[in-house]
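Results of the structural survey
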Amino acid sequence: MEALGLLFHGFAVLFTWKIMALMMVGLVLGIFVGVLPGLGGPNGVAILLPLTFTMDPTSAIVMLSCIYWGALFGGAITSILFNIPGEAWSVATTFDGYPMAQQGKAAEALTAAFTSSFIGSLVAVMLITFLAPSIAGFALKFGPPEFFSVYLLTFCSFVGLGREAKHKTVISMALGLLLAGVGLDTVSGQLRMTFESSDLMRGVNFLVAVIGLFGISEILLTMEERLALRGHAARISLRTVWNVWKDLPKYWATLVRSSVIGCWLGITPGGAIAASFMGYNLAKRFSKDKESFGKGRIEGVFAPETAAHASGTAALLPMLALGIPGSGTAAILLGGLMVWGLNPGPLLFVEHKDFVWGLIASMYLGNVVGLVLVLTTVPIFASILRVPFAAIAPMIVVSCAIGAYAIQNAMFDIWLMLVFGVVGYVFKKIGIPLAPFTLALVLGSRAEDAFRLAMIGSGGTVKVFWSNGLVGSITTLAIVLLFWPLIDRVFEMFGRKPSPARA
Amino acid sequence: MANSDIEIVVEDPTAPDENSPAITNNRTVEMAVMALLFVLAVVLGWDNWRTGASWDSTGPQAGYFPFYLSVILGGAALYGLASVAIKRSEGLETFVTRAQLRRVLQVFVPTLLFCLAMQWLGLYVASFLLIAGFMSIIGKIAWWKSLLTAFIFVAIMFVTFDVAFDVIMPKGPLEAVFGR
């Protein structure tokens, strides 16, 4: 009940003209970002982050999180109308969404997608409201060994549960952790990995890396392909919305199942991509008419969209409560918090109540306003795609450069962005995942500090990570997750399959 | 589906030729990347060893944590190199075709020139040249449309970042003339 009181306080913080206006601006920019080819949620948030530097933290995070919601909504528009998934988690939406559009039911498919996005996010925000304060309260008892073991758990679960080749995830993560260590070592005051370059003394800013990895590389990849579009236009009427909404109770099981899967995979770093596919596959598996999936079934839109959005939103829970982001975009938002001098983690709930509860309240409001906005403006946003890519590409490049430069006012960062752009292009093409890199770059220095403090406290013995039940269980779980593929294989050899994680 | 149902059609006059020959395959690039990552791991490992990768009276030295990360990176890169090297050579995926590379360079080279120009001309003039040049030369869009779009976009960026949000950007001679 205390959470409800604080949430109402959060709404009170939110209801000012300035914040409401920023929320609208964020949502509109986010939908643009979601619809435009070559941009996406993480990239959009990273590029637009400099806009918020002069704002107070609450206004800034509200605007950034609304860009995130907007991008999530916008992705569905291209998936359904053009069969082009704006984000990887929108791929499953195209399976039934595009066939529905081909059958002249584009408005129904879009309404279903937006509504299920809203439901998935709402469930996850409710989870954050009631669970995050308890987790944060519990985490206040954490010391350096506990924090390091939680970081270790995050890294290990990325390696063990990720779909990519394990050595590639390890490479991505180790590279991110190493780059996080470049520059001045805050403990000893020594310079590391700078090779006598004064530019490297500042370190590698993760936002610059993100803009290059996600922005520039995406432009290069998009340009590589044929940029012709053939799609449908759609206008959503009130009657269509009513018809879809009145049928919602029929699909309650799909919605509940997908929400649970999404929340679970959002909190653990499974990610929205895995959530959307798992949501879709389970909806198909539990359906009486499996054959109709892929031919324009509305349930095939509800399931992946609910799961993806529940996952994307739930990824903010560990970020707020523990300072550990559950996704790439959450990692960028976490970086934003650090730019404003806030320290994400359990103390945030104690020291910056207005900020935390304002943010949580904005998640509710942002989703409601976002839903209304997308339902009423689909034709406008879909028509953005008429703009030729030759006009969009240089504008995105300029936006990326502005974003990269504004972070530290350094020309060196522009060159670094370009290098990361090429690295991202090559990595994406050879299957080295970028999300673990981003996460490691953000968490690297915190993980190292926790490790060093824990080791200093213990006099140099790693037994400190098993010194009590809590830290011992987290560290053991981390190691189990790291070797999960091997454990899974052993179970399979004995004829049992313990979980669908490898499915 | 009747064609009249399709309401948004965007053609791509410069689409890459689907029969364009491959420049290289994924295996070759992956091997090169793994080798480069291994070299990077060795260089970073050496630098961290030099900085201090053991323990002293105050605890782990500055290079301790990154040194072991370099070892992990090097090990994973070597594993990657070995696993790619033993991969069967038939049916390899194309990394990039000649036509695709040409299109990638059509974006990359102007971006590189834009970054160079930004140092001398400032961000806004360089942005104007990039957008107008890219639209008219690469996109074959009418020059007046290109110039107008570039001007409007750059003006919006200037008002948003420099005026409204007070974000300082690299300035060139044009801004100096206008006293900014």
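Since we're looking at a predicted model, the values are computed, not measured.

With that settled, the discussion passes to the overall build of chain A. Summing up its helical and strand segments, chain A has 23 helices and 3 strands in all. Relative to a compact globule of 503 residues, whose C-alpha radius of gyration would be 23 Å, chain A shows 22 Å and is just as compact. Summarising its shape, the C-alpha atoms of chain A cover approximately 70 × 55 × 50 Å along the three principal directions. Each of the 503 residues in chain A was classed as buried or not, and the buried ones make up 64%. Restricting the contact set of chain A to residue pairs at least 6 apart, pairs at least 24 apart contribute 77%.

Time to look at the overall build of chain B. Helix and strand counts for chain B come out as 6 helices and 5 strands. Its helices and strands taken in sequence order, chain B reads β-β-α-β-β-α-β-α-α-α-α from the N to the C terminus. In terms of C-alpha radius of gyration, chain B reaches 25 Å, well past the compact-globule figure of 16 Å for 180 residues. For chain B, the C-alpha atoms occupy an extent of roughly 65 × 55 × 30 Å along the three principal directions. When the 180 residues of chain B are sorted by exposure, 43% land in the buried category. Nonlocal contacts in chain B, meaning residues at least 24 apart in sequence, comprise 62% of its contacts between residues at least 6 apart.

A few words on the confidence of the model for chain B. Mean pLDDT for chain B: 87, with 93% of residues reaching 70 or above. The ipTM assigned to the predicted complex is 0.92, against a pTM of 0.84.

Residues and elements named next belong to chain A. Looking at the secondary structure, you find Ile 261 in helix α12 (residues 252–267). On the basis of relative accessibility, which here comes to 10%, the residue Ile 261 falls in the buried class. Sequence spacing of Ile 261 and Ala 21 is 240 residues, and the spatial spacing of their C-alpha atoms is 33 Å. Excluding residues within four positions of it along the chain, Ile 261 makes contact with Ala 275, Met 278, Gly 279 and Leu 282.

The next thing to look at is the interface of chain A and chain B. Listed by partner, the interface residues are 72 residues for chain A and 78 residues for chain B. Taking both partners together, chain A and chain B bury about 6600 Å²; carbon and sulfur atoms supply 77% of that area. Looking at the side of chain A facing chain B, the largest losses of area belong to Leu178(A), Met223(A) and Ile402(A), adding up to 9% of the total buried there. Taken together, the connections running from chain A to chain B amount to 1 salt bridge. Taken together, the links from chain A to chain B amount to 7 residue pairs in polar contact (both at pLDDT 80 or more). At 12 residues, the largest contribution of residues to the side of chain A that touches chain B is made by helix α19 (residues 389–408) of chain A.

This next bit is on helix α5 (residues 143–164) of chain B. Residues and elements named next belong to chain B. The terminal C-alpha atoms of α5, which comprises 22 residues, lie 30 Å apart, in line with the 32 Å expected from a rise of 1.5 Å per residue. Residues of α5 that are buried: Ser 146, Ala 150, Phe 153, Val 154, Met 157, Phe 161 and Asp 162. One or two residues past the end of α5 sits Asp 166, with phi positive at roughly 55°.

Let us look at unusual backbone geometry. Despite not being glycine, Met193(A) shows a phi value in the positive range, around 50°. Along the polypeptide, Met193(A) turns up in the loop between β2 (191–192) and α9 (198–201). Look at Met193(A) and you get buried, because its relative accessible area is 2%. Phi at Lys140(B) takes a positive value of approximately 55°, unusual for a residue other than glycine.

This part covers the packing of aromatic side chains. Centre distance and the angle of the planes are the two values used to describe a pair of aromatic rings. Within the structure shown, the criterion is met by 24 aromatic pairs over all chains. Judged by centre distance (6.2 Å) and plane angle (45°), the rings of Phe11(A) and Tyr364(A) are tilted. With Phe11(A) in helix α1 (residues 2–14) and Tyr364(A) in helix α18 (residues 353–383), the pair connects residues that are 353 residues apart, well separated along the chain. The burial state of Phe11(A) is the same as that of Tyr364(A); both residues are buried. For the ring pair Phe451(A) and Tyr64(B), a centre distance of 6.1 Å and an interplane angle of 20° mean the geometry is stacked. Here Phe451(A) is found in helix α21 (residues 435–458), whereas its partner Tyr64(B) is found in helix α2 (residues 64–85) on a different chain.

With that out of the way, let us pick up the nonpolar core. Among the nonpolar cores identified, the biggest contains 214 residues, and Phe114(A) and Phe114(B) are the most heavily contacted of them. Tallying contributions element by element places helix α4 (residues 57–82) of chain A first for this core, with 17 residues. Setting aside residues no more than four positions away along its own chain, Phe114(A) makes contact with Phe73(A), Ala76(A), Ile77(A), Ile236(A), Leu371(A), Val374(A), Leu375(A) and Val378(A). Of all hydrophobic cores here, the second largest spans 6 residues; its members include Ile261(A), Leu265(A), Ala275(A) and Leu282(A).

With that settled, consider the pattern of salt bridges. Once the charged atoms of two side chains with opposite charge are near each other, the side chains can pair. Throughout the structure, instances matching the rule amount to 13 salt bridges over all chains. Via salt bridges that share partners, Asp185(A), Arg192(A), Glu448(A) and Arg452(A) belong to a single interconnected network.

We now examine the state of the cysteines. Linking two cysteines covalently via their sulfur atoms produces the bond known as a disulfide. Enumeration according to the criterion identifies 0 disulfides over all chains in this entry. Looking at Cys66(A), it has no disulfide partner, and the nearest cysteine sulfur is the one in Cys263(A), 19 Å off. Distance from the sulfur of Cys115(B), which forms no disulfide, to the nearest cysteine sulfur (Cys400(A)) is 10 Å.

This next bit is on the packing of helix α20 (residues 411–430) of chain A against helix α3 (residues 98–121) of chain B. Interhelical geometry of α20(A) versus α3(B) gives an angle of 170° and a closest axis separation of 10 Å. With respect to their mutual orientation, α20(A) and α3(B) come out roughly antiparallel. Residue-level inspection shows Met411(A), Ile414(A), Trp415(A), Leu418(A), Val422(A) and Tyr425(A) of α20(A) in contact with α3(B), the latter providing Val104(B), Phe108(B), Thr111(B), Leu112(B), Cys115(B), Leu116(B), Met118(B) and Gln119(B). Split by residue class, the contact of α20(A) with α3(B) holds 12 nonpolar, 2 polar and no charged.

The grouping of Trp143(B), Trp144(B), Leu147(B), Leu148(B), Phe151(B), Ile152(B) and Ile156(B) at the surface amounts to a nonpolar patch, some 780 Å² of accessible area in total. Relative to the assigned elements, Phe151(B) resides in helix α5.

Residue and element names in this part refer to chain A. Topologically, Leu 29 is positioned in helix α2 (residues 17–35). Residue classification places Leu 29 among the partly exposed residues on the basis of a relative accessible area of 26%. For the pair Leu 29 and Ala 71, spaced 42 residues apart in sequence, the C-alpha to C-alpha distance is 8.0 Å.

Reading guide: rules and limits
- Residues numbered from 1 in each chain as written.
- Chains lettered and ligands numbered in written order.
- Predicted model: local features only at pLDDT ≥ 70, side-chain atom pairs only at ≥ 80, totals over all residues.
- Heavy atoms only, no water.
- Helix = DSSP H or I, 4+ residues; strand = E, 2+ residues; numbered from the N terminus.
- Rg over C-alpha atoms; globule rule 2.2 N^0.38 Å.
- Buried < 20%, exposed > 50% of the residue type's maximum accessible area, 1.4 Å probe, protein only.
- Contact = heavy atoms within 4.5 Å.
- pLDDT = per-residue confidence, 0-100.
- Buried area = accessible area lost by both parts, 1.4 Å probe.
- Salt bridge = Lys/Arg side-chain N within 4 Å of Asp/Glu carboxyl O.
- Polar contact = N/O pair within 3.5 Å; in protein donor to acceptor, adjacent residues only side chain to side chain.
- Expected span 1.5 Å × (residues − 1).
- Phe/Tyr/Trp six-rings, centres within 6.5 Å; stacked < 30°, edge-to-face > 60°.
- Core = buried A, V, L, I, M, F, W, Y, C linked by side-chain atoms within 4.5 Å.
- Disulfide = S-S within 2.5 Å.
- Axes fitted to C-alpha atoms, helices over the stretch in contact; angles between N-to-C directions.
- Parallel < 35°, antiparallel > 145°, perpendicular 65-115°, else oblique.
- Nonpolar A, V, L, I, M, F, W, Y, C, P; charged D, E, K, R; others polar.
- Patch = residues over 30% accessible without salt bridge, like charges linked within 9 Å, V, L, I, M, F, W, Y side chains within 5 Å.
- Areas by Shrake-Rupley, 256 points an atom, 1.4 Å probe, with all protein chains shown as cover.

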